[in-house]
Structures are given as structure tokens and as C-alpha cells.
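# Structural characterization, general
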Amino acid sequence: MERTVQTPPPTLPWYREVTGTQWKSFFAAWIGYVLDGFDFVLITLVLTEISDDFGLSTVQAAGLVSGAFVTRWLGGAVLGALGDRYGRKLSMVLSILLYSLGTFACGFAWNYHSLFAARLAIGMGMAGEYSASATYVMESWPARLRGRASGFLISGFSVGSVLAAQVYTWVVPSLGWRWMFYLGLIPIAVALWMRRALPEAEEWTAEVAERGARPNPFRPLFRTPRLALVNTVLVVAATLSLFLVFTPGGAGLVPVLSVVAGLALVAFAVQLGGKRGWLLYVSMIVTLFFAFLYSWPIQALLPTYLKSELGYSTGQVTDVLYFAGFGTMAGCWTAGFLGDRIGAKKAYAVTLLASLAFVFPVFMVHDNLLLLGCLLFLLQATSFGISGLLPRWIGGHFPTASRGAALGFTYNVGALGGAVAPVLGARLASGMDLGQALAVLTFAGTVIVVVLVGFDVPARLNRLVDPDATDDHLAAADLPEGLPRPEPEPASRR
């Protein structure tokens with residue numbers, strides 16, 4: 001019998017492997033990230049104006065940045081679970097509506113506490129937006145291009161930050177800081193368009209919707225009435241403790257309140273992860289906590305540093321933020337290609353290691369805006385930009401049916417590092433220059449993350465309790481149409 005020789009299909013440029021529908025899905029999610037970045041960065045741009053109006057200290061002002069992180073864990077878990085059960089698109093739209101209304105409400109704040117309350121709503125919405133958009137795009141694009149999808153998607157946040165810096169120069173000098181927040185209504189129109197025009201994520205549709213599954217990631221928390229009561233108390237305790245930690249009401253009790261919140265969140269992680277996944281949840285949270293701790297001191301307090309310590313004008317601050325924003329964008333784009341070529345884990349660790357060369361030099365430049373901008377571009381490209389791979393890296397650890405809630409919970413509990421970062425930076429600045437404090441925090445946090453990601457600590461710990469854990473759920477999920485889907489190969493057999 002004559003042997004048939006299989007000829008490989010012609011190689012297409014990567015961008016032609018992505019269908020028109022997949023590009024449409026991507027751009028819709030990307031726009032959500034642009035608006036997310038715009039809304040979140042607003043508070044850092046107008047901190048000095050708000051502080052002047054409300055008479056806030058540096059620590060109180062930093063607390064407003066932290067306010068959005070207090071409810072992120074809850075928003076990420078709830079909206080992520082909705083995405084697992086009812087679809088990624090619905091979760092994404094609800095998230096945009098929530099953070100848009102919260103941003104709009106900031107414009108009507110009459111004191112510190114009312115503004116802080118509006119920031120809580122923003123935090124919940126942004127947490128849901130991250131998990132919903134990330135899972136939506138990851139589950140829509142071909143598996144081999146998901147690093148690119150991840151990096152391109154997260155670059156939208158940087159576009160939003162650059163846009164916010166430009167709008168700041170147009171709006172605040174003439175109309176005041178409140179009008180920056182009134183623009184928060186704009187994303188609502190985008191959300192309504194997205195709700196009507198978008199298809200559902202392909203992978204979620206195939207693995208959940210078409211099978212008639214209705215996953216409930218919170219089922220372990222409410223198995224019995226007694227357990228439901230205990231976990232309801234834990235939700236209240238965690239939220240109230242975090243609120244008091246980041247407001248003056250918790251003065252003198254911060255260590256105790258932090259322990260209470262931490263224990264409550266670990267209890268949720270253990271229950272949601274179950275016997276085989278609890279260590280993955282906890283180690284992922286720790287890794288992400290330090291990822292935020294290294295990146296958010298600069299994100300939150302750079303404008304304050306430029307204005308208060310370097311004496312830069314509004315226009316000069318905007319120029320520096322352009323360098324930072326475009327550096328992050330370039331880093332996200334590069335990270336996507338690098339992650340697809342050498343793997344998300346290796347790309348993340350190697351690029352972060354390179355970023356250490358730029359941390360201290362950034363804060364040694366005082367009177368040379370161009371040099372400062374170039375160094376900041378390189379730092380943000382290699383440091384914050386590589387976080388464009390986070391959705392790809394985190395999402396690969398969890399199966400489709402629980403990915404939204406798992407990614408939303410672990411990422412946004414870890415995001416409390418971003419809440420701690422500006423406050424810790426402000427407190428360190430009481431004993432040293434603000435620039436020096438930011439450099440120390442960034443350098444130390446980066447080293448820790450390089451170790452945790454580079455040595456694959458979450459996955460290694462997970463295999464201690466689950467030897468058959470799948471290495472990468474996202475990589476295993478993409479096969480040519482019509483071929484049977486094999487069972488994932490256990491990590492222990494590889």
C-alpha cells in the first residue's frame with residue numbers, strides 16, 4: 001500500500017491566524033482596559049488637588065489610592081464567579097458599569113470618606129473587569145498566541161493612563177479636578193455596545209455552556225447553613241478590617257486588623273481551592289501580592305514625587321507620564337511575543353531581572369527631564385510592562401469552569417499589595433526621601449517575584465498536594481476543529 005505523505009499546512013503570519021470575530025472580541029476587551037486604566041489613574045493625577053481641597057496628609061492621600069484595593073478581592077471573586085456561570089461577556093459588561101458609576105460618583109465627593117466610599121465601588125468593578133476581560137480574550141484566541149493576546153490586552157491600561165494624563169492637562173487647569181471624574185460616564189455607552197455586539201468566549205461556550213454546566217465556584221463556602229454563616233461573618237470581618245486599615249478609623253490597630261483580614265482571606269483561599277488546590281491558591285496570592293508591591297509604589301506615587309520633590313510643573317509631569325505609559329505599552333507588547341516564544345514563566349522572570357538595572361538610576365535624576373523619561377521608559381517596559389503576561393500565566397493554572405472566579409480571587413487578593421504599596425511608600429518617606437523609598441520598595445519586591453516566578457513556586461507547591469495537576473490548562477485547550485480532545489497529561493508523567 002502506498003504511504004500517504006502528510007504535507008504541513010502553509011505557515012500564515014500570526015495575525016492571520018486570528019479570525020475577524022476573535023479580533024473583534026479582543027478590541028472590545030481592550031477598550032474596556034483602556035477605560036479601566038483611564039479611570040484608575042485619575043486619582044493619582046489629582047491627588048495633590050484633592051489633598052489641598054480636603055486638607056489631607058500624604059498618608060491619607062495615599063489611602064485614597066489604596067481604597068480601590070479594599071474591595072477588589074470581593075469584586076474579583078463575585079464577578080468572576082458570574083462569568084464562570086453565566087458567561088464572560090456578562091461579567092465584563094457588569095464590571096464596566098460598576099467602575100464607571102463609581103468614578104462618576106467621585107466627582108460629587110464632599111470629604112475624604114465619601115471619596116473613599118466611591119473608590120470602593122471602583123475597586124470592585126475593576127477587579128471584575130480584569131478577570132472577565134482576561135478570561136474572555138484568553139478563551140477566544142488560539143492557544144499558541146495567548147501570550148500575545150495577554151500582553152496586547154494589558155497594554156490597554158497604559159493607553160488609558162496616557163490618555164488620562166493628556167486629559168488632565170486639558171481639564172483640570174480650567175475646570176477643576178471633579179470634571180476628570182465626571183468623564184466616568186463615557187464607558188457606560190461602551191458597555192452597552194459591548195453587550196449587544198459581542199460573541200461569547202469560544203472556550204467557555206464549548207466547555208461550559210454547550211454542556212449545560214452551571215458551575216458554582218462558591219459552592220464549597222455554602223455547603224451547610226453553619227458554614228454559610230461562618231463565611232458570611234468572614235466576608236464582613238475581612239471587608240471591615242481592610243476598610244479600617246486604610247482609613248484613619250483603624251489608627252493604632254493596623255497590625256491586628258491586617259492579621260484578621262489576612263486570616264479571613266486565607267480561609268477563603270483554602271476552601272475555594274479544596275484539598276487539591278488550596279496550596280496553589282495561597283501561593284499564587286503571595287506571588288501576586290509581591291508583584292503589586294514592586295509595581296504600585298511608582299504607579300501610585302510617581303506624580304506626587306515629581307510635583308513635591310522635584311518641583312515639576314503640570315506639563316512636565318504629563319511629559320514624564322507619557323514616557324512611563326509608552327514604556328509600559330512597549331513592554332506589554334514585547335512581553336506577549338516573548339511569552340509565546342520562550343514561555344510566560346521564563347519571560348516574566350528574565351525581564352524582571354533586567355529591570356533591576358534601572359530602579360535606582362530613575363530616582364537619581366533630578367533636573368534632566370529627557371534622561372528621567374528615558375530611564376523611566378526602560379524601567380516600566382521591563383518591570384510593569386512584563387505584567388502583561390499575568391493573565392496568561394495565572395489563567396493557565398486553572399481549568400475553564402472555575403477560571404474566572406479563581407483568577408479574579410487570587411489576583412485581586414494579591415492586589416492588596418498595591419494597596420499596601422503607596423501607604424508603605426509614604427510611611428518610609430517619613431524617614432527618607434520619597435524617591436529613595438519608592439526605589440527600595442520596587443527593588444526588594446522585584447527580587448522576591450523573580451524568585452517566586454522563576455522557580456515556579458506556585459506550581460511546585462501545588463504538585464505537593466496534587467501530583468496529577470495539569471501544567472497549563474490554557475495550552476492544552478486548543479485543538480484543530482473536529483479532533484477529539486485528549487485528557488490532559490498529568491505533570492507527574494512528563
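Each chain carries its own residue numbering, running from 1 in the direction its sequence is written. A pLDDT threshold of at least 70 governs which residues receive local features in this predicted model, and a stricter bar of 80 or more applies before side-chain atom pairs are shown or counted, although totals over entire chains, interfaces and linings include all residues. With hydrogens and water excluded, all non-hydrogen atoms of the structure serve as input to the side-chain values.

### Observations regarding the overall build of the chain
- On a plain count of helices and strands, the chain comes out with 21 helices and zero strands.
- Computation of the radius of gyration draws on C-alpha atoms, with the globule rule given as 2.2 Å multiplied by the number of residues to the power 0.38. Expected size for 494 residues packed as a compact globule is a radius of gyration near 23 Å; at 22 Å, the chain falls within 12% of this value.
- Oriented by its inertia axes, the alpha-carbon framework of the chain measures out at about 85 × 55 × 45 Å.
- Exposure is judged per residue with a 1.4 Å probe applied to protein chains only, and the accessible area is read against the type maximum: over 50% gives exposed, under 20% gives buried, and values in between give partly exposed. Expressed as a percentage of the 494 residues in the chain, the buried residues total 55%.
- To measure how exposed things are, a 1.4 Å probe is used in the Shrake-Rupley method; for residues, cover is taken only from the protein chains shown. For the chain, the exposed area adds up to about 20,400 Å²; of that, 66% sits on carbon and sulfur atoms. Helix and strand labels come from DSSP, where a helix needs a run of H or I of at least four residues and a strand needs a run of E of at least two; each type is numbered from the N terminus.

### Thoughts on the packing of aromatic side chains
- Two aromatic rings from Phe, Tyr or Trp, using only the six-membered ring of Trp, form a pair when their centres are within 6.5 Å; if the ring planes differ by under 30 degrees the pair is stacked, by over 60 it is edge-to-face, and anything between is tilted. Scanning all chains against the criterion turns up 28 aromatic pairs.
- An aromatic cluster is defined as three or more aromatic residues linked by ring pairs; in this entry it consists of W14, Y15, W23, F26, F27, W141, F152 and F337.

### Concerning the confidence of the model for the chain
- The quantity known as pLDDT measures the predictor's confidence residue by residue, on a range of 0 to 100. Taken as a whole, the chain shows an average pLDDT of 84; of its residues, 93% reach a score of 70 or greater.
- Confidence over residues 1-8 falls short of pLDDT 50; this stretch has zero contacts with residues more than four positions distant or in other chains.
- In this analysis, two residues are considered to be in contact whenever any of their non-hydrogen atoms come within 4.5 Å of each other. Per-residue pLDDT stays below 50 along residues 477-494; that stretch engages in 24 contacts with residues further than four places along the chain or on separate chains.

### Points about helix α20 (residues 434-454)
- Helix length check: α20 (21 residues) gives 30 Å between terminal C-alpha atoms against 30 Å at 1.5 Å per residue, within 8%.
- Of the residues trailing α20, D456 is marked for its positive phi of about 55°. Take the number of residues in a helix, subtract one, and multiply by 1.5 Å to get its expected span.

### Re the pattern of salt bridges
- Salt bridge, as used here: a side-chain nitrogen of Lys or Arg that lies within 4 Å of a carboxyl oxygen of Asp or Glu. Counting across every chain of the model gives twelve salt bridges.
- Note that E203 and R146 form a salt bridge whose closest N and O atoms lie 3.0 Å from each other. Here the residue E203 occupies a position in helix α11 (residues 202-209), and R146 occupies one in helix α8 (residues 146-175), the gap between them amounting to 57 residues.
- Residue class for E203 comes out buried when judged on its relative accessible area of 6%.
- On the basis of relative accessible area, R146 is assigned to the buried category, the value being 2%.
- K345 is the partner of D456 in a salt bridge, and the nearest nitrogen-oxygen pair spans 3.8 Å. Within this pair, whereas D456 is found in the loop between α20 and α21 (457-465), its partner K345 is found in helix α15 (residues 344-362), the two being separated by 111 residues in sequence.
- Here K345 falls in the partly exposed class, since its relative accessible area comes to 34%.
- The structure contains a network of salt bridges with shared partners spanning D84, R88, E139, R146, E203 and R403.

### As for a nonpolar patch on the surface
- Residues enter patches when they are more than 30% accessible in relative terms and free of salt bridges; like-charged ones are connected within 9 Å and nonpolar ones (Val, Leu, Ile, Met, Phe, Trp, Tyr) within 5 Å. A cluster of nonpolar side chains, V266, V270 and W278, forms an exposed patch at the surface whose accessible area comes to about 220 Å².
- As for its placement among the helices and strands, V266 is situated in helix α13 (residues 254-308).

### Some points on the packing of helix α6 (residues 88-106) against helix α7 (residues 112-138)
- The convention used is that axes are lines fitted to C-alpha atoms, helices contributing only their stretch in contact, and that angles between N-to-C directions extend from 0 to 180 degrees. At a minimum axis distance of 7 Å, the contact between α6 and α7 shows a crossing angle of 155°. Comparing their axes, α7 and α6 come out roughly antiparallel. Seen along the crossing, α6 lies across α7 with a hand that is left-handed.
- Within the contact of α6 with α7, the residues separate by chemical class into 14 nonpolar, eight polar and four charged. Throughout this description, any angle smaller than 35 degrees is read as roughly parallel, any larger than 145 degrees as roughly antiparallel, any in the 65 to 115 degree range as roughly perpendicular, and the remainder as oblique. Crossings are sorted by hand: turned counterclockwise from the far helix by less than a right angle, the near helix makes the crossing left-handed, and turned clockwise it makes it right-handed. The nonpolar class holds Ala, Val, Leu, Ile, Met, Phe, Trp, Tyr, Cys and Pro. Asp, Glu, Lys and Arg form the charged class, and all remaining residues, Gly among them, are polar.

### Observations regarding the state of the cysteines
- Counting rule for disulfides: a pair of cysteine sulfur atoms within 2.5 Å. This model, assessed by the stated rule, comprises zero disulfides.
- Here C332 is not disulfide-linked; the sulfur of C374 is the nearest cysteine sulfur, at 19 Å.
- Since its relative accessible area comes to 36%, C374 is described here as partly exposed.

### A few points about the side chain of Q22
- Note that Q22 resides in helix α2 (residues 20-45).
- Here Q22 is in contact with E17, S140, W141, P142 and E202, once residues within four sequence places are set aside.

### Section: the side chain of R148
- Here R148 is to be found in helix α8.
- Taking the relative accessible area as the measure of exposure, R148 reaches 9% and is therefore buried.
- Polar contacts involving the side chain of R148 include one to the side chain of D340, which spans 2.7 Å.
- With residues up to four places along the chain from it excluded, the contact list for R148 reads W14, G336, F337 and D340. Under this definition, polar contacts are N or O atom pairs within 3.5 Å; protein pairs additionally need one hydrogen-donor-capable and one acceptor-capable atom, and for neighbouring residues in sequence, both atoms have to be side-chain atoms.

### Some remarks on the environment of W170
- Mapped onto the elements, W170 comes out in helix α8.
- What makes W170 exposed here is its relative accessible area of 58%.
- Each C-alpha atom, one on W170 and one on L145, is 38 Å from the other, the two residues being 25 residues apart in sequence.

### Here's the deal with the environment of Y294
- Take Y294: it is sitting in helix α13.
- In this structure, the C-alpha to C-alpha distance between Y294 and F384, residues 90 residues apart in sequence, is 8.8 Å.
- The residues touching Y294, leaving out its near neighbours within four places in the chain, are Y348, L352, S383, I386, L441, T442, G445, T446 and V449.

### What about the environment of V59?
- Tracing the backbone through its elements, the reader meets V59 in helix α4 (residues 58-70).
- As a C-alpha pair, V59 and A330 span 271 residues in sequence and 32 Å in three-dimensional space.
- Excluding anything up to four places from it in sequence, V59 contacts V423, A426 and R427.

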